[in-house]
Amino acid sequence: MNLTLFIQELVVGLTTGAIYALIALGYTMVYGIIELINFAHGDIFMIGTLICISIFGLFGITNATVPPTGLTLVGALLAALVGSMVLCALLGVVIERVAYRPLRNAPRLAPLISAIGVSLILEDIGKLWKGITLIPFPQIFPQNVFYIGAVSINSVYILAIVVALVLMVALQWMVNSTRIGRAMRAVAQDREAAALMGVNVNRIIAITFFIGGGLAGAAALIWGLSIGTTNFTLGFQLGLFAFTAAVLGGIGNLAGAMLGGVLIGVVEALATLIPDSTTGVFGLPHGGGAWHEAIIFAILILILVFRPTGLLGQQTPEKV
Amino acid sequence: MAIATTLVPTRDTRALLIKWIIGLLVPLAFFTFIWSGELIINQTLLSMLGLGSVSDISLLVEVAIFIVVFYTVVIALAGYLVAADSGHRGMIELWIDIAVFVLVPLFLVYGQGLIIGLALCAVIWAVFFLVRPRVYKALNYTPPVPLQTLRVLDAEQRIELKNRAIIGSFWFSVTLALVWLIVDLIFFFSNNLTTILLYWVAIRTLLLPVAGYFLGRLAGVVALSRTIAPKSNGENSANGGGRTTKRRRQLESLSATRVREEAQDLVPNDLPLRSSGAQRFYMILIVAFVLFYPVIDPFLFGFGTDGRLASYGDAGYYVILALGLNIVVGFAGLLDLGYVAFFAIGAYSWGIIGSTQLTNVLNLPPVDAHLLALLFWPMVLVAALVAAFFGVLLGAPTLRLRGDYLAIVTLGFGEIVPIVFLELDAYTNGTNGIVGVRSPAFFGINWSVITPTPYYYLILALIAFTIFTNLRLRDSRLGRAWIAIREDEIAAASSGVNLVTTKLFAFGMGAFFSGIAGAYHAAKLGQVSPDNFGFGDSVIYLAMVVIGGIGSIPGVIVGALAVYSINQFLLAQLDTLAADPSNVLYTVKNFIIEHGVQGFTFGNVRNLVFGIILVVIMIFRPEGLIPSARRRRELHHTEDEAVEVGALDVIPGAPGFESEVHVE
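Residues numbered from 1 in each chain as written. Chains lettered and ligands numbered in written order. Predicted model: local features only at pLDDT ≥ 70, side-chain atom pairs only at ≥ 80, totals over all residues.

### Notes on the overall build of chain B
Here's step 1: Along its length, chain B carries 28 helices and two strands.
Here's step 2: Of all 664 residues assigned to chain B, the portion counted as buried reaches 38%.
Here's step 3: Taking the contacts inside chain B whose residues are at least 6 apart along the sequence as the reference set, 78% of them involve residues at least 24 apart. (Helix = DSSP H or I, 4+ residues; strand = E, 2+ residues; numbered from the N terminus. Buried ≥ 20, exposed ≤ 12 C-beta atoms within 10 Å, placed from the backbone. Contact = placed C-beta atoms within 7 Å.)

Put into structure tokens, the structure is as follows:
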């Protein structure tokens, strides 16, 4: 196999993986704290991409105009990042308040169905807002290509990975070393005991949704700059992968979500290297790209068979 | 003259008679005179005499059978209700209930068509449930406590009860006959009724009271079987045996929720319309309606029967899918997010065999088309077994997983299977799907993709089979093991439930039914397309189960039908209505288009509306529309009052103590 191509795909995989990881963090945090698969999370991300496009529109930037430079560029990027993060975060909080909080003590599947309902609602809002066609993202970030040997690395990829890393480190710090983080861990461990110790459980859960939404908003901007297209169905597909990433790493575990996200991104990229079976002995019909989803899920199933709680998940003793 | 004396109502019975005759006659009159009942009967009769417009004799016979069954059941129901009513709830309350739950649906379905009508009803009912307790409160009215009125009936009272049933049915049919007679005479003198039908009017007027008498006896038997008899000479005195006085003691020791459930079973009853006896009559009505629907539909809704039947046939396989998924999620408590995979496997099983696909791939001459069509019957079973095999195959690696890890593995499986079908295009035709899938054949029936009636009956048969199997499974040893696992896996395992086989059976049985649905789907559509098997579909099936009431078979059926109607009919019909400028929806639609959303149609916001409905139902009814009794008890156990321990009638240790202090 061609080594350059391999590394090339690895870089692409790391970029998408970083985005998956950012979204997966939202899933895993919510799951860790209220044991809910927040199906709407992927769609919050999708709304984030649409928000970014709108904010660029406010700056007069569309994919038809000449990309801005200098201060306008920085301003637009920052505005999009902050705007998307804040709005997505607020969206997450609103969803929690309206659709999940009334179901705190309901049977387990009720909030899940409610989440699916919210996901459908957000999808249609995206559809009504920006239409059903695939929307190209304005490619405003300077696309300088670096070469390491024969491997080309786009500057956007570096940006994506750096932003994702910074956010992940910040999140780790927040969860492990701040008062709010401690409260979050306490609520995740035992909601009632945490409440008895004076933790405002509802507020902590809202904060969790706020942070998760914010990370999705950041991921939305990175996605737009590096991958470049979006429409209302995006959240569903990406959400599925991100959720898979969260489970793969061990759901409820932050480091696991990052690892899972990167792993899935890399597998997805490397799958395209599998040749078409009609051309040679080894391969799959239509080449590996068409099968990437199946490959990801097959790997997921295999990993879960041998590690039933994910890669980094802890084997908790069963409570009786 | 013995009969005559029994037919004279006593003072108490008179009040009940008025209550129920009016309560039942008003909806019946609405159906008969305003809607199509009269039309059905007259057309049928005239055509039988060779004077009418309908010439298909088998159709007329079917309609006639339905009419006879319909009126017979209603008359018997009247007798049962008069006998079963304890008389503790007032007339007005009952009439309001009947107006809301029978008249309103009849009226709306008559005016707006089946789907829109029922949807409006659902809204009205929701509001009604919200308002009713407030009105009770405002009027300082508290409904009587169930079982407070519980009586043990001695032999004399039993005879009286039976008499009341006879009186009820008899006078109901007399009133019915008289009302019909008057109305028909009016029709006759205004020249809307052919003379020949007058003979029928005369026969009917004489026949109905006689029928009423005998139907009343039948209703009396039904009512009597639900009373509590005094303890007879040790015949059924064993624990939990017959409905003896002992039973009364047991009932008194139950928790409030259980009492409310048990009260539905007994006669005399505060709410006889909801009692289990009345439910029997409803079941007969529903079964008759569903069975004869293809022949009644043109009378009720006019043109377009074929289209409606076809879409109801589609709704049917969703019922099977939801029931199958209910085994996995509802009974065994294993969250399955990839159920669509088995549906796809079932569909492709018949798709590949039932078209020229397989013979083409293998370079064989095509099988004779008629033979191929007959092959459908064994292939339904084969498709189901293949699906079940894959269900077990999926189940095997998930045995160690718990909760949401299991969910994601099923989800993954549900994603892999359609991709495999999509990409292995040498066998499955890839994105184009398989076309030209054969319809089944049955001797003497003209059966193709464009004839909905055979499919309607096929899906009815399949649903009946599924419901029957599900009921038997639920009450079997295996079913109880599933429920035990759902409640507490460790406790179940400790009690000797084999987790491995029980879970694998759950996956296998669940997949079995979706295999059946898949084969039907392929045959009905005449093609198999890979677009129908996405994660979104799995989610819809899960929504059906949860909305209906997880683990509850009637609930799941209602959930499947509700979700399907919302998704497929409701919003599409809203668009049809909005096309008419005189309709209020037309204004709404234009308002939305003018205020920013271009090209808005109601079909376009299907997911939005569906999503809102999902969230609202979950917030206001997290246990589902018709929760299973067990689940309702779990969710409302906090409302139960404590069991009174001080008043034991049996000394601890004495025989019978166990049942005495039996606590739910």
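### Quick word on the overall build of chain A
Here's step 1: Across its full length, chain A carries 11 helices and four strands.
Here's step 2: The globule rule puts the C-alpha radius of gyration for 320 residues at 20 Å, and the 20 Å found for chain A is close to it.
Here's step 3: Dimensions along the principal axes, computed over C-alpha positions, put chain A at roughly 60 × 50 × 35 Å.
Here's step 4: Expressed as a percentage of its 320 residues, the buried residues of chain A come to 49%.
Here's step 5: Looking at chain A alone, contacts between residues at least 24 apart form 76% of all its contacts between residues at least 6 apart. (Rg over C-alpha atoms; globule rule 2.2 N^0.38 Å.)

### Digging into helix α4 (residues 109-130) of chain A
Residue and element names in this part refer to chain A.
Here's step 1: The terminal C-alpha atoms of α4, which comprises 22 residues, lie 32 Å apart, in line with the 32 Å expected from a rise of 1.5 Å per residue.
Here's step 2: Of all 22 residues in α4, 17 are buried; the element is thus mostly enclosed.
Here's step 3: Looking at the residues trailing α4, positive phi occurs at G131, about 85 degrees. (Expected span 1.5 Å × (residues − 1).)

### What to know about the pairing of strand β2 (residues 145-148) of chain A
All names here are of chain A.
Here's step 1: Pairing geometry for β2 and strand β3 (residues 151-154), over four bridges, is antiparallel. Note that in β3 the partner of F146 across the bridge is I153.
Here's step 2: Counted between consecutive antiparallel strands, the loop separating β2 from β3 contains two residues, among which G149 sits at a positive phi close to 65 degrees. (Pairing = 2+ DSSP bridges.)

### Here's the deal with the nonpolar core
Here's step 1: Core analysis: the biggest nonpolar cluster contains 220 residues, and A:A21, A:L22, A:A219, B:A322, B:A543 and B:M544 have the highest contact counts within it.
Here's step 2: Among the elements that line this core, the one with the most residues is helix α1 (residues 3-34) of chain A, at 15 residues.
Here's step 3: With sequence-adjacent residues up to four places away left out, A:A219 is seen in contact with A:I19, A:L22, A:I23 and A:F45.
Here's step 4: Listed in part, the 47 residues of the second largest apolar core include B:L16, B:V82, B:A229 and B:L271. (Core = buried A, V, L, I, M, F, W, Y, C linked by C-beta atoms within 7 Å.)

### Here's the deal with the interface of chain B and chain A
Here's step 1: Facing the 35 residues of chain B at the interface are 39 residues of chain A.
Here's step 2: Going through the elements one at a time, α17 (403-423), α23 (535-548) and α26 (606-620) of chain B are the ones with two or more residues in the side of chain B that touches chain A.
Here's step 3: Among the elements that take part in the side of chain B that touches chain A, α17(B) stands out by supplying 10 residues, more than any other.

### Looking at unusual backbone geometry
Residues and elements named next belong to chain A.
Here's step 1: Phi angles above zero are rare outside glycine, and E35 is one such case at about 55 degrees.
Here's step 2: Mapped onto the elements of the fold, E35 is located in the loop between α1 and α2 (41-58).
Here's step 3: A tally of 15 C-beta atoms within 10 Å means that E35 is categorised as partly exposed.

### Examining the confidence of the model for chain A
Here's step 1: Across chain A, the average pLDDT comes to 85, with 96% of residues at or above 70.
Here's step 2: When pLDDT is averaged over each helix and strand of chain A, the minimum, 79, is found for β2(A) and the maximum, 92, for helix α8 (residues 201-226) of chain A. (pLDDT = per-residue confidence, 0-100.)

### A word on helix α9 (residues 234-249) of chain A
All names here are of chain A.
Here's step 1: With 16 residues, α9 should cover 22 Å at 1.5 Å per step; its first-to-last C-alpha distance of 23 Å lies within 8% of that length.
Here's step 2: With respect to burial, α9 is a largely interior element, 15 of its 16 residues being buried.
Here's step 3: A positive phi of about 110 degrees marks G250, the residue just after α9.

### A closer look at the environment of B:A155
Residue and element names in this part refer to chain B.
Here's step 1: Mapping A155 onto the fold places it in helix α7 (residues 155-189).
Here's step 2: On the basis of neighbour count, A155 is assigned to the exposed category, with 9 C-beta atoms found within 10 Å.
Here's step 3: Residues A155 and L585, 430 residues apart in the sequence, show an inter-C-alpha distance of 61 Å.

### Some thoughts on the environment of B:D336
All names here are of chain B.
Here's step 1: Counting through the fold element by element, D336 comes out in the loop between α12 (305-331) and α13 (340-353).
Here's step 2: Taking the C-alpha atoms as reference points, D336 and L406, separated by 70 residues in sequence, lie 7.5 Å from one another.
Here's step 3: When near neighbours in sequence (up to four residues on either side) are disregarded, D336 contacts L325, V328, V329, T410 and G510.

### Remarks on the packing of α13(B) against α17(B)
Residue and element names in this part refer to chain B.
Here's step 1: For the pair α13 and α17, interaxial distance at closest approach is 8 Å and the crossing angle is 25 degrees. Judged on the interaxial angle alone, α17 and α13 are roughly parallel. Along the contact surface, α13 presents V340, A341, A344, I345 and Y348, while α17 presents F413, G414, V417, P418 and F421.
Here's step 2: Looking at the contact of α13 with α17 residue by residue, the class counts come to nine nonpolar, one polar and no charged. (Axes fitted to C-alpha atoms, helices over the stretch in contact; angles between N-to-C directions. Parallel < 35°, antiparallel > 145°, perpendicular 65-115°, else oblique. Nonpolar A, V, L, I, M, F, W, Y, C, P; charged D, E, K, R; others polar.)

### A short note on the confidence of the model for chain B
Residues and elements named next belong to chain B.
Here's step 1: Looking at chain B, the pLDDT average stands at 82 and 88% of residues meet or exceed 70.
Here's step 2: When the criterion is pLDDT under 50, residues 233-242 qualifies, and its contacts beyond four places in sequence or with other chains add up to seven contacts.
Here's step 3: In this model, residues 638-647 is a region of pLDDT below 50 whose contacts with residues beyond four sequence positions or in other chains number nine contacts.
Here's step 4: The complex prediction reports pTM at 0.86, with the ipTM value standing at 0.88.

### Overview of the environment of B:E623
Here's step 1: By secondary structure assignment, the location of B:E623 is in the loop between α26 and α27 (629-635).
Here's step 2: For B:E623, a count of 22 C-beta atoms within 10 Å corresponds to the buried category.

### Focus: the packing of helix α4 (residues 57-84) of chain B against helix α11 (residues 276-301) of chain B
All names here are of chain B.
Here's step 1: Two elements in contact, α4 and α11, have axes whose closest approach is 10 Å; the angle formed by their N-to-C orientations is 165 degrees. By the angle class used here, α4 and α11 are roughly antiparallel. As α4 packs across α11, the resulting crossing turns out to be left-handed. Residue-level contacts link L59, E62, V63, F66, V69, F70, V73, A76, L77, Y80, L81 and A84 of α4 to G277, A278, F281, I284, L285, A288, F292, V295 and I296 of α11.
Here's step 2: Residue composition of the contact of α4 with α11, grouped by class: 19 nonpolar, one polar and one charged. (Left-handed = near helix turned anticlockwise from the far one by under 90°.)

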